[in-house]
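Examination of the molecular architecture
Spelled out, the chains give:
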Amino acid sequence: MGAGKSTAAKSLDSSALDTDRIIEQESGLTVAEIFARDGEVAFRDLEQRTAIDAINRAAAGEGGGVVSLGGGALNSEAIRSALKEHVVVMLDISVEEAWRRCSGSQRPLASDREAFWRLHAERESSYLAAADAMLPASTRSAVKEALPAIRRIAESDHRVKLLWASTGGGSYPVFVGSGMLGTFDPGIDGRSALIGDRNVASLYFDRFEESLARIEFPAGEINKTITTCSEIWREMAGAHVTREDHVVAVGGGVVGDVAGFAAAAYQRGIPVVHWPTTVVAQVDSSLGGKTGVDIPEGKNYVGAFHQPAAVVSDFDALSTLPKDEYSSGMAEVIKTALIAGGSLWERVIDGQLLDPDMVLACARTKIAIVSSDEFDSGMRQLLNLGHTVGHAIETATNYSRLRHGEAVGIGLLAALQLSGAGQLRDSVSQLLLANGLPTSVEGVDIEAALHAVKSDKKARSDGSVPFVLCSEPGSVTFGNAVDASDLETAMREVLT
Ligand SMILES: NC(=O)c1ccc[n+]([C@@H]2O[C@H](COP(=O)([O-])OP(=O)(O)OC[C@H]3O[C@@H](n4cnc5c(N)ncnc54)[C@H](O)[C@@H]3O)[C@@H](O)[C@H]2O)c1
């Protein structure tokens, strides 16, 4: 409700069919009047018949093939079933924004704030299950911009869903599905330079046909350096990669960050398409446009914001991921679920296994946050939950003892302790163990780790470091000052 379905449908085709309008025209009454006169059950009955008829008419080409459905339409099993043959586009809107738009209107189900919140939550699961494409309701032009990508998933033989990321620095499609590696065409013009680490190159490069260059570098965080970038730039120049071409980054977060930064700086910036192949990369690092490299003084100290031209997440790529790497990625899934709360958190805390829908839900959470804060000055800091201590542990151990996700998992426990959320800390601790992740690390010099926290990139000029805290799933805040002794206690708890 209030997401702008009618306007979006009309922007695709001015004759788009709109079920609420059809009902109003045919009955001569407004939806509110039908609700008042006949009740909701009678309205839903009418809506079901009208929607199924409109879907069939659109399938025959009427209204440019576009139907705008009423907000409650997906409660009907018959409508959901009629939609299975078609591409369903969901306009993603937060309940707060929907309420802002709807309260005070004539809409019969938007008079009571609490009931509205409940309704939004009740409807969410049927919306998520039906949606093939999820577009931000906040960007008016999103439907038009995303149309080529929507057509691409409609015409694809792959099982693929679409998220549309919209930021000031550019909008891009995120395709999530299975069986796509190297065969799905995300629709980016020009020739490509393929970049991956050696592990991924040997597994997957041959799936990608023509490319100007196939550039490999040794795997591991230790190679996330400017030296690696420099070698990549020289290979790209040697292969005559031009500004009309683009980088195709195939791999985990290290490849994405390095290849993304190489693309951001090569000839002052060429497009990059990410094909993330780790859990970390699919749920987190490939999205949002942060690219960069490490220096001895700190992780990700040098880099650039460079939004991808497209992201293609093939869940099947995770089947070759070593078990430890998979587990490590689950820390980012847990972090994302803590931030999102709601149905994603419930699935994760229930111990449900990762599947393409969960990857999609995590990606949707990340995209919603980064879209509201492209350059990391506000909301985006929420994504650093667990990262301040996590990064400090990585720095204090010279990136050699723990995987990134393992360090983040431990950092989450410290952050939850600092949040005063003891019970949640215990639940997350259990969740980490169930996913094969450590809940503490031995032999780390506490002074070195505390020093690394103070050198965090987010440190303020007065020396304090703002923390992201989480009081309960879905309630996360950033910019919190924490007491130095509380920090030391929380760190001692995880550095045994
Ligand atoms: N840019 C961002 O917003 C962002 C966000 C989170 C993390 N990161 C960065 O991501 C990095 C961590 O990423 P990661 O955990 O993906 O590590 P990674 O890229 O090092 O990959 C982990 C290992 O898995 C191998 N691998 C990758 N895909 C595989 C596959 N499908 N099958 C078999 N092996 C495969 C790699 O070769 C590597 O050895 C860190 O550098 C972190 O800073 C960036």
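Counting starts from 1 at the beginning of each chain's written sequence and moves along it residue by residue. Thresholds applied to this predicted model are a pLDDT of at least 70 for local features of residues and 80 or more for the giving and counting of side-chain atom pairs; totals over whole chains, interfaces and linings are not thresholded and use all residues. Each side-chain value is worked out from all heavy atoms of the structure, with water and hydrogens disregarded.

**Side note on the packing of aromatic side chains**
We apply this condition: A pair of Phe, Tyr and Trp rings is counted when the ring centres sit within 6.5 Å of each other, with Trp represented by its six-membered ring. The angle between the planes then sorts it: under 30 degrees is stacked, over 60 is edge-to-face, the rest tilted. A ring is scored as having a charge over it whenever the NZ atom of a lysine or the CZ atom of an arginine sits within 6 Å of its centre and within 35 degrees of its normal.
Counted by the stated rule, this structure contains five aromatic pairs. The ring of W117 carries R113 above its face, with NZ or CZ at 4.1 Å from the centroid.

**A look at unusual backbone geometry**
Operational definition: The cut-offs for exposure are 20% and 50% of the maximum accessible area for each residue type, with area from a 1.4 Å probe on protein chains only; residues under the lower value are buried, those over the upper are exposed, and the others partly exposed.
Non-glycine residue H240 carries a positive phi angle of around 60°. Phi angles above zero are rare outside glycine, and R268 is one such case at about 60°. Under the relative-accessibility criterion, R268 is labelled exposed at 78%.

**What about the site of the ligand?**
Keep this limit in mind: Proximity is defined per residue: any heavy atom of the residue falling within 4 Å of a molecule or strand makes that residue near it. A 3.5 Å cut-off defines polar contacts: any pair of N or O atoms within that distance qualifies, except that in protein one atom must be a possible hydrogen donor and the other a possible acceptor, and neighbouring residues in sequence count only when both atoms are side-chain atoms. Here the open area of atoms and residues is found with the Shrake-Rupley method and a 1.4 Å probe, where only the protein chains shown may cover a residue.
In the vicinity of the ligand lie 27 residues, with D197, E221, T277, T278 and T320 positioned nearest. Residue K224 places a side-chain N or O atom 2.8 Å away from an oxygen atom belonging to the ligand. Side-chain polar atom of K366 to an oxygen atom of the ligand: 3.4 Å apart, as the coordinates give it. Against a free-state accessible area of 860 Å², the protein chains account for coverage of 91% of the ligand.

**Observations concerning the state of the cysteines**
This is how the line gets drawn: Cysteine sulfur atoms are paired as a disulfide whenever they come within 2.5 Å of each other.
The tally for this structure, following the rule as stated, stands at zero disulfides. You can see C470 has no disulfide; the closest cysteine sulfur is in C362, sitting 15 Å from it.

**Let's talk about the pattern of salt bridges**
Here the idea is simple: oppositely charged side chains can pair when their charged atoms come close. We apply this condition: Salt bridges, as used here, are contacts in which a Lys or Arg side-chain nitrogen is within 4 Å of a carboxyl oxygen on Asp or Glu. By the criteria applied, helices consist of DSSP H or I runs no shorter than four residues and strands consist of E runs no shorter than two, each listed in order from the N terminus.
Counted under the stated rule, the structure contains 26 salt bridges. Notably, a salt bridge pairs E47 with R44, separated by 2.9 Å at the nearest N-O pair. Of this pair, E47 and R44 both sit in helix α4 (residues 40-59), separated by three residues, roughly a single helical turn. Considered together, E47 and R44 belong to a single accessibility category, that of buried residues. Overlapping salt bridges bring together E221, K224, D257 and D294 as one network.

**Quick look at the domain arrangement of the protein chain**
To keep it simple, the criterion reads: In this entry, domain limits derive from an automatic or database-based domain assignment. When checking whether two residues touch, look at their non-hydrogen atoms; a contact exists if any pair is within 4.5 Å. Buried area is understood as the total, over both parts, of accessible area removed when two parts are fitted together, assessed with a 1.4 Å probe. Residue type decides the class: Asp, Glu, Lys and Arg count as charged, Ala, Val, Leu, Ile, Met, Phe, Trp, Tyr, Cys and Pro as nonpolar, and the leftover types, Gly among them, as polar.
In terms of domain boundaries, the protein chain breaks down into domain 1 (5-131), domain 2 (160-363) and domain 3 (372-494). Tallying the contact residues gives 32 residues for domain 2 and 34 residues for domain 3. Taken over both partners, the interface formed by domain 2 and domain 3 buries close to 2800 Å², and the fraction arising from carbon and sulfur atoms is 64%. Linking domain 2 with domain 3 are two salt bridges, by the criterion used here. The salt bridge partner of R403 is E325, with a shortest N-O separation of 2.7 Å. Along the contact surface separating domain 2 from domain 3 lie nine residue pairs in polar contact (both at pLDDT 80 or more). Those elements that provide at least two residues to the side of domain 2 that touches domain 3 are β11 (290-295), β12 (298-305), α13 (323-340) and α14 (342-349). No other element matches α13, which puts twelve residues into the side of domain 2 that touches domain 3. Grouping the constituent residues of the side of domain 2 that touches domain 3 by class yields 13 nonpolar, eleven polar and eight charged.

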